[in-house]
Amino acid sequence: MNKKYLGINQPIPLSVLEFALHTILNGESLDKSKLDSRLKEYISGENRRNKAISHINLIQTNNQYLLQEIRKRIDGDRFLRLQESDRKIIVICLLANTFPVFYETMKVLAMVYKVQQLINSESLLLKLSAIYGSNRGIYNAVNAVLPMLVDIGLINKVKPAIFEKGDQFKTQIPFLGEICVYTDITLSTSKTILLDDIHHRPWYDFFDFTVNPDNKFELLKLSELRQGYGYLEVKG
């Protein structure tokens, strides 16, 4: 996917995203009227709700392979039984793979939070404009992504336009850690990631998981440069 693609200008509530994923992972079709009914709890305008629905449809169409792999292991009903942090990891990775600006925003935030505790939305917008250009599109995208990051809990709103880092999302399910690495490889400029580099890259500052090289990988392939010094790449 083109990293300069934005494609998002309307926040989608987490509860609606989880409802949609429950439906998709059960192999059922998304029902626009049901989505609209749930969105009415959060969004008053019909045009804005339609934008949110189109974004949800993009999550399904742009992640067919990843959703298929998730569904082999986690159906919709099991998805709802997962720990909250596990569900959120799936949501975050699907959003990032659909809208790369979501991934880039998380990376920028992680780099800022390494040196300071707070960031304001204006500074974030300036940093992202260096990647995407200063235009209305990136302004609208940031105004959509920030509320979603707060809703998910990746960041906390301290006061208007001021945000701090939230808690890391922990998982003990190896496949979910693998989804995080798959997302980073897919969206970064590198095609591989050294095992030793995982958790040193900004994306991983929001997650807490362990990659065990002895595990059987589902989405990734482990290659060894030399004993105990390997790298991961996406299969296929």
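Residues numbered from 1 in each chain as written. Predicted model: local features only at pLDDT ≥ 70, side-chain atom pairs only at ≥ 80, totals over all residues. Heavy atoms only, no water.

Engineer: It is not clear to me how the overall build of the protein chain should be interpreted in this structure. Could you clarify?
Structural biologist: When helices and strands are counted, the protein chain shows 10 helices and eight strands. Along the first, second and third principal axes, the C-alpha atoms of the protein chain reach 60 × 45 × 30 Å. Relative to its 236 residues, the protein chain shows a buried fraction of 48%. Summarising the internal contacts of the protein chain: among those between residues at least 6 apart in sequence, 68% fall at separations of at least 24. (Helix = DSSP H or I, 4+ residues; strand = E, 2+ residues; numbered from the N terminus. Buried < 20%, exposed > 50% of the residue type's maximum accessible area, 1.4 Å probe, protein only. Contact = heavy atoms within 4.5 Å.)

Engineer: When you look at the state of the cysteines in this model, what are you seeing that I'm missing?
Structural biologist: Evaluation of the coordinates by the stated rule reveals zero disulfides. Just so you know, Cys93 is unpaired, no disulfide at all, and the nearest cysteine sulfur is the one on Cys180, 4.0 Å from it. Exposure remark for Cys180: the relative accessible area of 0% places this residue in the buried category. (Disulfide = S-S within 2.5 Å.)

Engineer: What am I meant to see in helix 1 (residues 14-25) here?
Structural biologist: Because the α-helix completes a turn every 3.6 residues, residues three or four places apart line up on one side. Here helix 1 spans 16 Å end to end across 12 residues, near enough to the 16 Å set by a 1.5 Å rise per residue. Of all 12 residues in helix 1, 11 are buried; the element is thus mostly enclosed. Those residues of helix 1 that sit buried are Leu14, Val16, Leu17, Glu18, Phe19, Ala20, Leu21, His22, Thr23, Ile24 and Leu25. Buried residues belonging to helix 1 abut helix 2 (32-39), helix 3 (46-61), helix 4 (64-73), helix 5 (76-81), helix 6 (84-98) and helix 9 (136-152). Directly beyond the C-terminal end of helix 1, a positive phi value near 75° is found at Gly27. (Expected span 1.5 Å × (residues − 1).)

Engineer: Any chance you could explain the side chain of Asp205 here in plain terms?
Structural biologist: When you line up the elements, Asp205 lands in the loop between strand 5 (192-194) and strand 6 (207-208). A relative accessible area of 14% means that Asp205 is categorised as buried. Those residues within four positions of Asp205 in sequence are excluded, and the remaining contacts are Ala110, Lys114, Lys165, Gln168 and His199.

Engineer: Help me out: how do you make sense of the nonpolar core in this one?
Structural biologist: Nonpolar side chains in soluble globular proteins generally cluster together in the buried interior. Residues Phe102, Trp203 and Phe207 are the most contacted members of the largest nonpolar core, which totals 79 residues. Not counting residues within four places of it along the chain, the set of residues in contact with Phe207 comprises Ile89, Ile92, Met106, Gln168, Phe169 and Cys180. (Core = buried A, V, L, I, M, F, W, Y, C linked by side-chain atoms within 4.5 Å.)

Engineer: Whenever I open this one, the sheet that holds strand 2 (residues 155-159) confuses me. Can you help?
Structural biologist: Each strand in a sheet pairs with another by means of backbone hydrogen bonds, the pair being arranged parallel or else antiparallel. Pairing is antiparallel in the open sheet, where three strands are placed in the order 1-3-2. Of all the strands in the sheet, the pair left with one neighbour each is strand 1 (118-120) and strand 2. Taking each pair of neighbouring strands and ignoring which way they run, the sheet shows an average axis angle of 35°. In the sheet, strand 2 pairs with strand 3 (residues 162-165) via four bridges, with the strands oriented antiparallel. By the bridge assignment for strand 3, Asn156 is matched with Glu164. Lying on the sheet, helix 7 (residues 100-113) is in contact with strand 1, strand 2 and strand 3; it crosses strand 1 at an angle near 130°. (Pairing = 2+ DSSP bridges. Axes fitted to C-alpha atoms, helices over the stretch in contact; angles between N-to-C directions.)

Engineer: Which parts of the structure should I look at to understand the environment of Asn120?
Structural biologist: Residue placement: Asn120 occurs in strand 1. Considering only alpha carbons, one finds Asn120 and Leu17, 103 residues apart in sequence, at a separation of 26 Å. Apart from residues lying up to four places away in sequence, Asn120 is in contact with Ala161 and Ile162. Within the structure, the side chain of Asn120 is placed 2.6 Å from the backbone nitrogen of Ser123, a separation counted as a polar contact. (Polar contact = N/O pair within 3.5 Å; in protein donor to acceptor, adjacent residues only side chain to side chain.)

Engineer: How do you make sense of the packing of aromatic side chains when you look at a structure like this?
Structural biologist: What characterises a pair of aromatic rings is the spacing of the ring centres plus the angle enclosed by the ring planes. Tallying each qualifying case throughout the model produces four aromatic pairs. Ring geometry for Tyr65 against Tyr182: centres 6.2 Å apart, planes inclined by 40°, an arrangement best described as tilted. Here the residue Tyr65 occupies a position in helix 4, and Tyr182 occupies one in helix 10 (residues 174-187), the gap between them amounting to 117 residues. A relative accessible area of 11% places Tyr182 in the buried class. Between Tyr103 and Trp203, the ring centres sit 5.1 Å apart and the planes meet at 50°, which makes this aromatic pair tilted. In this pair, Tyr103 sits in helix 7 while Trp203 sits in the loop between strand 5 and strand 6, placing the two residues 100 residues apart along the sequence. Looking at Tyr103, the relative accessible area reads 1%, which means it is buried. (Phe/Tyr/Trp six-rings, centres within 6.5 Å; stacked < 30°, edge-to-face > 60°.)

Keep in mind these numbers describe shape, not what the thing actually does.
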